[in-house]
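# Topology and contacts: notes
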Amino acid sequence: MKKALQVAAREIVATFTSKGFVIGVLITPVLIIISALILSKAHLETPPRVVGEVAILDPTSEVTQGVTKLLSPAAFALRRAQDLELVAKNLPVSIRALALQNGTQTLPDAAKKLVGEVPELHIQKLAESADLKREKQALLGKQEGPSTRLALVIIEPDAVRRAAGKQDFGAYEFYVREKLDRQVEGEIKTAVRESIIAARAKAYGMDPKEAEYLTDVPWVESKGVTPEGEQKEHAAIAGLIPFAFMFLIFVSVMTSSQYLMTSTIEEKSSRIAEVLLSAVSPMELMAGKILGQFVVGLTVLLVYLGLGLIALTSFALLGLLDGWIIFYLFIFYLVSFFTFAAFMAAVGACVNEIRESQSLVMPVMLLLMLPIFLWVPISRDPGSTLAVALSMIPPVNSFFMLIRMASSTPPPLWQIWTSILLGLGLAYAAVWSAAKVFRVGLLLHGKPPDYRTMLRWVRMA
Amino acid sequence: MQNAVVLKGVTKAFGDKRAVDDLDLVIPRGSLCGFIGPNGAGKTTSIRMIMSILFPDQGDISVLDHASALEAKDRIGYLPEERGLYRKMKVGAFLRYLGRLKGVASARLKSQIPTWLARLDLEGVEGKRCEDLSKGMQQKLQLIAALLNEPELLILDEPFTGLDPVSTRSLRALLAEEQQRGTTILFSTHMMAEAELLCDRVVMIHQGRKVLDQTIAGIRAQFDPRSVLIEPLDPSADVSRLKALASISRIERQNDSYALRLQEGADLAAAMRDIAATVAPAKLEVQRPSLEDIFVQIVTAGSQESAKELDIHAPAVTEKGRVSA
């Protein structure tokens, strides 16, 4: 065991100090974090206060008043306060609870920062005879201040009242200067739209308020009904979390088992294997290498899991995670790692160079890709027969079970542990068989064996 | 305790080919044993089985009184035929790693590694990558790796291959020193002259079967010299006069010398006197068969059994012109 640990230690050091690992596994996530931080910083940068003029040509004379009212600083402030309240109201309970627990104002502060200060917009009413070409040219002006033309609204004559013989109403044209704040641009359009609706309602003898009520149906969150009661569903996040967990285990198992195969091929092709076998038994060598790469994979898992948790924490979404799933993530990593690592070690011992390994590895790689192809239907219907069956069949059961566990309707405990036991059974058989193939294959040079030959080695060794 | 390695009826086949066939071998402790034979004779397979890297299909192996070398790996030093290094690893780290795998304490390795490097003229390479060393230096490095644990049994597979004459001489001296320390040494080679120079015991193997297993002294006694080499003082001397001597059966020319084949039962001392009296010699010496001669003689016959039936007293087989008797 001591020798196996020494082999493992070398394997870990050799992998951690290799350029491929440093760049691929460690630097990439760091770059992602830095990019995310820069991006979030840029997004949370408070935009400068928008000050300027909105010109409106209103042949109906029934829209301008509403627009003026809706674009007043007071109306802006009120509307934004209402929007923020609506956002807060629609936030998941867990996030609201977290925000309360932390006693911070992070979310409201961030939202306020994001929308920026209330703009100061002056409404400039244009005469019907206005030269539109000249008015549009004003949008190109470079001066800054209250008289800067920010937008030009041209209400069509039949925007409020239907033209004779027509069923549809007219609308409006909207011209803006380049680089107008998107938020403000949207708010101007909303104000024009709401003003036209109000004017239409009034024109056809309706109470504008009543019309607003008639057209307003709020967006609602779905609620899942389970034996434990009603649960609020967060479709987008709920859909991504199973994939994230499956991907975590996929990346860590793939990275480490690939390294294991590569290092075994390297030891074989550089003829160091026989020197090692003079000091350790084939079983100790393979066990040491697998243990070493287990730590490598675990590190990858922890790095990416840590990144995920940091991301969830920074968006105050950590409450969406069940702590137990992280525990099971490690259990399933262990199960699937040993199965795939044993296979990769056996293949590595049988071939002389990476190129030769492709034909042996391809079927297993396709198997490993199965969860990537099927995660959508499985996470959409985690209780289906297909989902239950796939989450019980090793070696892909770990991936599918994690998808099911992270879904909105997790499987019962007995299914989880049955899957774990089945996975452990295959992992044991895989390591046992791989040890035999490893011993024979490591000293064999020349044409690599096919699966049938490898099976024969397992039986005879 | 008397024998370091004992093989009894060991057989190993790869597919239809028997790489080692019913091999019996005893290597006494403290001996320096040469394992000789041509390429593909089964030397490396036998050594790998002794090292428990391969396992025999039949037969028993005992190494340092253990049923398997796996139980005594820390007491064995091994230099495989196929030299291997971690190319990117630093020399010091490489030796420390292999030393620790052999159970040598880290503190001891700290002092041992520079000593060994200096002893094999590799000072200053500890911080270099293995791939930066020349082939000969890499070979020395692997030899150090085999010796770091001060083994009781040292097994070297073709250790002289690829070495320059100076390094070959250093290795010979090193092996002699190790033997004096009490180490049992088994080395395989197809360079029989090396075995002849170094060994006190030789095992010959051909097509997986042992064809000779003797001490050097025993071989000399068994393969009694029946040939005398004469270089005439006068190069134009009439050597054919020697044909008249009763003790001479055949004469073969070898450049400026002549190999004189003695008759069966002829007295060597008397024959030497008669030869010197007939042709004045610049040089007259008893010609001993080399291991290579013996080996070629045996394998030409095809098997050990048939070799016994042949005239093993025959002189060296040469490609030189023959002077008929």
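Notes on the structure follow. Since the structure is predicted, the reported quantities are computational estimates derived from the model, not experimental observations.

## A short note on the overall build of chain B
- On a plain count of helices and strands, chain B comes out with 10 helices and 14 strands.
- Taken across its 325 residues, chain B has 40% of its residues classed as buried.
- A separation threshold of at least 6 residues defines the contact pool for chain B, and within that pool the share at least 24 residues apart is 70%.

## With respect to the pairing of strand β1 (residues 51–57) of chain A
Residues and elements named next belong to chain A.
- The buried fraction of β1 is high, at 5 of 7 residues.
- The pairing of β1 with strand β2 (residues 120–126) spans 7 bridges and is classified as parallel. Paired with V54 across the strands is I123, a residue of β2.
- One ladder, built from 5 bridges, connects β1 with strand β3 (residues 149–155); its direction is parallel.

## Considerations on the sheet that holds strand β9 (residues 209–215) of chain B
Residue and element names in this part refer to chain B.
- One open sheet holds the 6 strands; their spatial order is β5-β6-β7-β3-β8-β9, and the pairing between them is mixed. What marks the edges here is a single partner per strand, and that holds for β5 (76–79) and β9. Across this sheet, the average inter-strand angle for adjacent strands is 15°, counted without regard to direction.
- Bridge count for strand β6 (residues 153–157) against strand β7 (residues 184–189) is 5 bridges, and the pairing is parallel. Paired with L156 across the bridge in β7 is F187.
- The strands that helix α4 (residues 135–147) touches are β5 and β6; relative to β5, the one it contacts most, it runs at about 165°.
- Taken strand by strand, helix α5 (residues 165–181) contacts β3 (32–36), β6 and β7, and its axis lies near 150° from that of β7.

## Considering the sheet that holds strand β4 (residues 58–63) of chain B
All names here are of chain B.
- Strand order in the open sheet made by the 3 strands is β2-β1-β4, with antiparallel pairing throughout. The open sheet terminates on both sides in strands that have one partner only, identified here as β2 (17–28) and β4. Strand-to-strand twist in this sheet, taken as the mean axis angle between neighbours without regard to direction, amounts to 15°.
- Note that strand β1 (residues 3–14) and β2 share 8 bridges and pair antiparallel. What sits directly across from V5, in β2, is I27.

About the cut-offs
- Residues numbered from 1 in each chain as written.
- Chains lettered and ligands numbered in written order.
- Predicted model: local features only at pLDDT ≥ 70, side-chain atom pairs only at ≥ 80, totals over all residues.
- Helix = DSSP H or I, 4+ residues; strand = E, 2+ residues; numbered from the N terminus.
- Buried ≥ 20, exposed ≤ 12 C-beta atoms within 10 Å, placed from the backbone.
- Contact = placed C-beta atoms within 7 Å.
- Pairing = 2+ DSSP bridges.
- Axes fitted to C-alpha atoms, helices over the stretch in contact; angles between N-to-C directions.

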